[in-house]
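Structure assessment
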Amino acid sequence: MALKGIRVLELAGLAPAPFAGMILSDFGANVLRVDRLSPTNPDALARGKKSISLNLKSAEGQSIVRKLCKNTDVIIEPFRTGVMEKLNLGPEELMKENPKLVYCRLSGYGQKGPYKSRAGHDINYIATSGVLEMLQFGGDKPTPPINVLADFAGGGLMAAFGVVSALFERTNSGKGQVIDANMVGLLFLSLSRFVFRVLNNVHCTHLS
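Anyway, here's the lowdown on the structure attached to this text.

When helices and strands are tallied, the chain shows eight helices and six strands. Going from N to C terminus, the chain has its helices and strands arranged as β-α-β-β-α-β-α-α-β-α-α-β-α-α. In the chain, buried positions account for 43% of the 208 residues. A separation of at least 24 residues holds for 64% of the contacts in the chain among residues at least 6 apart in sequence. A total accessible area of about 11600 Å² is found for the chain, and carbon and sulfur atoms account for 58% of it.

Ordered in space as β3-β2-β1-β4-β5-β6, the six strands form an open sheet in which the pairing is parallel. A strand with exactly one partner marks an edge of an open sheet, and here the two such strands are β3 (50–53) and β6 (178–182). Strand-to-strand twist in this sheet, taken as the mean axis angle between neighbours without regard to direction, amounts to 20 degrees. With five bridges connecting them, strand β5 (residues 102–107) and β6 associate as parallel partners. When the sheet's bridge partners are listed, Cys 104 is paired in β6 with Ile 179. With respect to the sheet, helix α1 (residues 16–26) is in contact with β1 (7–11), β2 (30–35), β4 (74–77) and β5, its orientation differing from that of β1 by roughly 165 degrees. Each of β1, β2, β3 and β4 is contacted by helix α2 (residues 59–69), which is oriented at about 155 degrees to β1, the strand it contacts most.

The space that makes up the largest pocket amounts to roughly 590 Å³. The set of elements that each furnish at least two residues to the lining of the largest pocket consists of α1, β5 and α5 (122–129). Tallying contributions element by element places α5 first for the lining of the largest pocket, with three residues. Of the residues that constitute the lining of the largest pocket, the class distribution is 14 nonpolar, six polar and six charged. Quantified by volume, the second largest pocket comes out at close to 260 Å³. Around the second largest pocket, the lining is made up of 13 residues, and of these Arg 36, Leu 56, Lys 57, Phe 79 and Leu 87 lie nearest the centre.

Next up on the list: the environment of Phe 27. Tracing the backbone shows Phe 27 in the loop between α1 and β2. Along the primary structure Phe 27 and Met 1 are separated by 26 residues, whereas in three dimensions their C-alpha atoms are 5.7 Å apart.

This next bit is on the nonpolar core. One recurring pattern in soluble globular proteins is that nonpolar side chains are buried together. Grouped together as the largest cluster of nonpolar side chains are 29 residues, with contacts concentrated most on Val 8, Leu 24, Val 74 and Ile 76. Breaking this core down by element, the ones donating at least two residues are α1, β4, β5, α6 (148–173), β6 and α7 (183–189). Per-element tally for this core: the top contributor is α1, with six residues. Not counting chain neighbours up to four residues away, the residues in contact with Ile 76 comprise Val 8, Leu 9, Glu 10, Leu 11, Ala 17, Ala 20, Gly 21, Leu 24 and Cys 104. Counting 16 residues, the second largest nonpolar core, distinct from the first, contains Val 34, Cys 69, Met 84 and Leu 94.

A separate point is the pattern of salt bridges. Tallied over the full model, the rule gives eight salt bridges. With a closest N to O distance of 2.5 Å, Asp 26 and Arg 47 form a salt bridge. In this pair, Asp 26 is assigned in helix α1 and Arg 47 in the loop between β2 and β3, connecting sequence segments 21 residues apart. Residue Arg 47 is classed as partly exposed on the basis of its relative accessible area of 47%. Here Arg 105 makes a salt bridge to Glu 77, at a shortest N to O gap of 2.7 Å. Taken as a pair, Arg 105 in strand β5 and Glu 77 in strand β4 lie far apart in primary sequence, 28 residues in all. Like Glu 77, Arg 105 is buried. What you see here is one network of salt bridges that share partners, running through Glu 10, Arg 33, Asp 35 and Lys 49.

Calculation notes
Residues numbered from 1 in each chain as written. Predicted model: local features only at pLDDT ≥ 70, side-chain atom pairs only at ≥ 80, totals over all residues. Heavy atoms only, no water. Helix = DSSP H or I, 4+ residues; strand = E, 2+ residues; numbered from the N terminus. Buried < 20%, exposed > 50% of the residue type's maximum accessible area, 1.4 Å probe, protein only. Contact = heavy atoms within 4.5 Å. Areas by Shrake-Rupley, 256 points an atom, 1.4 Å probe, with all protein chains shown as cover. Pairing = 2+ DSSP bridges. Axes fitted to C-alpha atoms, helices over the stretch in contact; angles between N-to-C directions. 1 Å grid on protein atoms, 1.4 Å probe; cavity = no way out; pocket = protein on both sides within 12 Å on 5 of 7 lines; lining within 4 Å. Points joined across faces, edges and corners; volume = space filled by probe spheres on them. Nonpolar A, V, L, I, M, F, W, Y, C, P; charged D, E, K, R; others polar. Core = buried A, V, L, I, M, F, W, Y, C linked by side-chain atoms within 4.5 Å. Salt bridge = Lys/Arg side-chain N within 4 Å of Asp/Glu carboxyl O.

Given below as structure tokens:
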């Protein structure tokens, strides 16, 4: 398997983060998921993963994560901007102890900018990015899809690609890096062809 021997620590979250972790697991990575202490429903995206339950707000839970990250290749965190820093688990702290760590931050709006602290869902991200407008058929209003575009394609899948790219770059530099995998930004990339046409006054039609 391509990622055999790669150790991934995935902090439990909604669809994008566990999907990214599952993809890495499917390609051979050893994924350990950190779940909350409170009971949760079975997750269909837990395939191939091991799991532990920790209270990340406790000093003990934070200490365990830091110890795990000393021997981890990748960490995936799904929280809003600033949450990991409040837990003393931000990239500066963890990468100081493990400079080879690939730190993947998966969020809706990214780590910088006016929307960085906002919560959101798939429909918010595809609307903000402009993708929703592309989903018009004829003269009808846009048809919102299920959460495959932002959560899975723009979020989890692209985050996994970013992780693999960072691991490849590490073979040359010997250093890890921080990945800001935000769904609005990644979805906007998918509109590059349409944006080019608009900026260059080329006629652009919707789906029909």
